[in-house]
Amino acid sequence: MKFNLASLVATFVFFSGTALATEYIHRDLMANTLPAPNCAAEADAIANANKPYQLNKYSKKFCQSQGYGWHVETIKDNGKTVCQDCAGTKDKKQCHIEDVVVTCKRIKPGSVGMLPGKS
């Protein structure tokens, strides 16, 4: 009984000085997606541009363009859809999303023991 109590107290004392929280650096970005390479009817082009897959793919690219270790935390604003006429046709369009706002995060250097020899 005394051994269990002593080991419990020793465990609490050992872990009391360490921080278990990871610190992050946050950055907000605003960017535009690219239009689809092919032309389609306006309704289809808008539907293709607004697919969740497209938004997730481009938001990931936006954060990765900041450098190593940047990841998507949240998509703050989905932006607005903009369409352009294709060359030579009036009924076919290419659409993309403008002004997508994404919050990116990265682990703060040195916050989780990434630097050797420093405590």
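In what follows, the structure referred to is the one given above.
Attention here is on the structure that accompanies the text. (Residues numbered from 1 in each chain as written. Predicted model: local features only at pLDDT ≥ 70, side-chain atom pairs only at ≥ 80, totals over all residues. Heavy atoms only, no water.)

**Describing the sheet that holds strand E3 (residues 71-77)**
Spelled out, the test is: When DSSP finds at least two bridges between two strands, those strands are taken to pair. Think of it this way: any DSSP run of H or I at least four residues long counts as a helix, any run of E at least two long counts as a strand, and we number them from the N terminus. Note on geometry: axes are C-alpha line fits, over the in-contact stretch for helices, and angles between N-to-C directions span 0 to 180 degrees.
The strand order E1-E6-E3 describes an open sheet built from three strands, whose pairing is antiparallel. Of all strands in the sheet, those bounded by a partner on one side alone are strand E1 (24-31) and E3. Neighbouring strand axes in the sheet, compared pairwise and without regard to direction, differ in orientation by 25° on average. Note: E1 against strand E6 (residues 100-107), eight bridges, orientation antiparallel. Across the sheet, the residue bridging to Leu29 is Val102, located in E6.

**Concerning the sheet that holds strand E4 (residues 80-85)**
On the basis of which strands lie adjacent, the open sheet formed by three strands has the order E2-E5-E4 and antiparallel pairing. Two strands in the sheet have a free side with no partner beyond their single neighbour: strand E2 (40-41) and E4. In the sheet, E4 pairs with strand E5 (residues 92-98) via six bridges, with the strands oriented antiparallel. The residue of E5 that forms the bridge with Thr81 is Ile97.

Bear in mind that shape data such as this cannot, by itself, settle questions of function.
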